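Understanding the architecture of this molecule
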Amino acid sequence: MSKTRLHRNQYGLGSVCTLLVCKHWQAVVKSSWNTVKSLQFADICHSFGSGLTDVTFMSILMRGCHNVTWLDLSVGCNLLTDWAIEMIGHKCLKLERLDASRMRATNSSLKVLGQGCKKLKWICLARCLDVGEKGLWWLFTSCTQLEYVDVHENNRLTGQCFHQLGPSIHTMKLNGCNKLKNIGLQYLSEKCSLLSFLDISDCLLLSDMAFNLKFSNLKTLNSRRINRDLKPTGLKYISEYKQLVELDLTLSHHVSDDVLLAISKGCTLLKSINLTSCYTHVTTTGIGHLAKCAYLQILVISYLCTVEDIAIKDIALNGQLRKLLVIGCTGLRDPGNMPL
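Everything quoted here is computed from the prediction, not taken from an experiment. (Residues numbered from 1 in each chain as written. Predicted model: local features only at pLDDT ≥ 70, side-chain atom pairs only at ≥ 80, totals over all residues. Heavy atoms only, no water.)

Examining the pattern of salt bridges
The condition that has to hold: Salt bridge, as used here, is a side-chain nitrogen of Lys or Arg placed within 4 Å of a carboxyl oxygen of Asp or Glu. Helix and strand assignments follow DSSP, with helices taken as H or I runs no shorter than four residues and strands as E runs no shorter than two, numbered in order from the N terminus. The rule is simple: take the accessible area with a 1.4 Å probe, protein chains only, and divide by the maximum for that residue type; under 20% is buried, over 50% is exposed, in between is partly exposed.
Applying the stated criterion across every chain, the model contains 4 salt bridges. Of the charged contacts, one joins aspartate 202 and arginine 225 as a salt bridge, the two residues approaching to 2.7 Å between their closest N and O atoms. Of this pair, aspartate 202 sits in the loop between β7 (197-199) and α8 (208-211) while arginine 225 sits in the loop between β8 (220-222) and α9 (232-235), and the two are 23 residues apart along the sequence. Residue classification places aspartate 202 among the partly exposed residues on the basis of a relative accessible area of 24%. For aspartate 248, the salt bridge identified is with arginine 224, shortest N-O distance 3.3 Å. A residue pair is termed long-range when its members are at least 10 positions apart, and aspartate 248 in strand β9 (residues 246-248) and arginine 224 in the loop between β8 and α9 qualify at 24 residues. Summarising the burial analysis for this pair, aspartate 248 and arginine 224 share the class buried. Through salt bridges with shared partners, a single network forms among Asp199, Arg224 and Asp248.

Considering the packing of aromatic side chains
Spelled out, the test is: Any two rings among Phe, Tyr and Trp, with Trp reduced to its six-membered ring, count as a pair given centres within 6.5 Å; such a pair is stacked if its planes are under 30 degrees apart, edge-to-face if over 60, and tilted if neither.
Applying the stated criterion across every chain, the model contains 3 aromatic pairs. Seen from their ring centres, tryptophan 122 and tyrosine 148 are 4.5 Å apart, and the 10° between their planes marks the pair as stacked. In this pair, tryptophan 122 is assigned in strand β4 (residues 122-124) and tyrosine 148 in strand β5 (residues 148-150), connecting sequence segments 26 residues apart. The same class applies to tryptophan 122 and to tyrosine 148, which are both buried.

Describing helix α3 (residues 54-62)
Turn by turn, an α-helix covers 3.6 residues, leaving residues three or four places apart pointing in a common direction. Formally: It is the directions from the helix axis to the C-beta atoms whose arc is reported. Contacts are residue-level and defined by heavy atoms, with any inter-residue pair within 4.5 Å sufficient.
Turning to α3, its buried residues number three or more, namely Asp54, Phe57, Met58, Ile60 and Leu61. The buried residues of α3 occupy an angular sector of 155° when the element is viewed end-on, so they sit on one face. Structural note: α3 exposes Val55 and Met62 on the side pointing more than 90 degrees away from its buried face. Taken together, the buried residues of α3 touch β1 (38-40), β2 (70-72) and α4 (82-91). With its phi angle positive at about 115°, glycine 64 sits one or two positions after the end of α3.

Let's talk about the packing of α4 against helix α5 (residues 107-116)
Note the threshold: Simply put, an axis is a line fit to the C-alpha atoms, just over the touching stretch for a helix, and the angle between two N-to-C directions goes from 0 to 180 degrees. Under this scheme an angle from 65 to 115 degrees is roughly perpendicular, one under 35 degrees roughly parallel, and one over 145 degrees roughly antiparallel; angles in between are oblique. Rotating anticlockwise by less than a right angle from the far helix to the near helix defines a left-handed crossing, while the corresponding clockwise rotation defines a right-handed one. Basically, the charged four are Asp, Glu, Lys and Arg, the nonpolar ten are Ala, Val, Leu, Ile, Met, Phe, Trp, Tyr, Cys and Pro, and anything else, Gly included, counts as polar.
Here α4 crosses α5 at 15°, and the two axes come no closer than 7 Å. Relative to α5, the element α4 lies roughly parallel. Here α4 and α5 pass one another in a crossing that is left-handed. Here α4 contributes Asp82, Ile85, Glu86, Ile88, Gly89 and His90 to the contact with α5, which in turn contributes Ser108, Ser109, Val112, Leu113 and Gly116. Partitioned by chemical class, the residues of the contact of α4 with α5 number 4 nonpolar, 5 polar and 2 charged.

Points about a nonpolar patch on the surface
So the rule is basically this: Only residues whose relative accessible area exceeds 30% and that form no salt bridge enter a patch; like-charged residues are grouped when within 9 Å of one another, and nonpolar side chains (Val, Leu, Ile, Met, Phe, Trp, Tyr) when within 5 Å. For the accessible areas, the method is Shrake-Rupley and the probe is 1.4 Å, while residue cover comes only from the protein chains on display.
On the surface, Tyr279, Tyr303, Leu325 and Ile327 cluster together to form a nonpolar patch covering roughly 380 Å² of accessible area. Structurally, isoleucine 327 is set in the segment after β12 (323-325). For isoleucine 327, a relative accessible area of 44% puts it in the partly exposed group.

Some thoughts on the packing of α3 against α4
At their nearest, the axes of α3 and α4 sit 10 Å apart, and the two run at 5° to each other. The orientation of α3 with respect to α4, classified from their angle, is roughly parallel. Of the residues in α4, those in contact with Asp54, Phe57, Met58, Leu61 and Met62 of α3 are Trp83, Ala84, Met87, Ile88 and Lys91.

A closer look at the nonpolar core
Soluble globular proteins tend to bury their nonpolar side chains together. Filter applied, for reference: Here, the term nonpolar core denotes a set of buried Ala, Val, Leu, Ile, Met, Phe, Trp, Tyr and Cys residues that are joined through side-chain atoms within 4.5 Å.
Membership of the largest hydrophobic core comes to 96 residues, with the highest contact counts inside it found for Ile88, Phe162, Leu174, Leu198, Leu275 and Ile287. Contributions of two or more residues to this core are made by α3, α4, α5, α6 (133-142), α7 (182-191), α8, α10 (257-266) and α12 (309-316). Those residues within four positions of leucine 275 in sequence are excluded, and the remaining contacts are Leu249, Val255, Leu260, Ile287, Leu290, Val300, Ile301, Ser302 and Leu304.

Encoded structure:
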């Protein structure tokens, strides 16, 4: 009897079959990585001991994640460095969506990312403190299919890099970019004709000129806590955004009755407006102007102490109002007795 047969008899046929089955499933599991379309680490980072590191992340990408289109690194990936961003650029060439919020991305790593992931359409680099103008310039130059960009709370961004944006952009989240300048919004208006969502809250360097720009398709504008040096005449330019549906001017103390009159005449499609704490120059007359917005469904006027019932009644008569928030409006009667 051959040595081979003795070996098989010793361990039994069952052991041989088990070994073959394990190898088969190993091959199946390895091949399955090629079918993975999205990777998220929010609920599984505890599996990596102290957290997901560059080495572990690289080993995952090396398994064959060539078809990944969505990668979420926003939760549980705080140990990853800019090297991980570069590896994404090398391994995930079909990537369309990337959330790298709070990661340690750098200008050089964004350059590599852009050169490799030219199909990117959606990217979030919120609170990436080491990312500056140059890195975004390289990214925007390479990724011409971008539609959604979130770089909020970037303290280095001035907006010069927006000159490289492609024409497909429809959403820009820039809130908290306290070094953003007027020239940045000018490039947005020139390059991004499809822009429909813009958040420039807490962008304290913007002046009247920032609002006097052509955003013909803008539907949502968030401009909370704007520059204190801005004049009411600058806010009147908002009335030129004819497609505007949602407007948030919370804590914008330059909003006045005249501004609301201009907005009510120009933004006839408006469905939602938030005027929380715009109490400096807004009175019952100004809120009454909003009755001209025939489609208004959501009205938030909390802490406008001088507003009286008559203004709400005129808006309610349109028959569209679905949500009314009037916290701290001491000039109003009991909301339960209001003529809504």
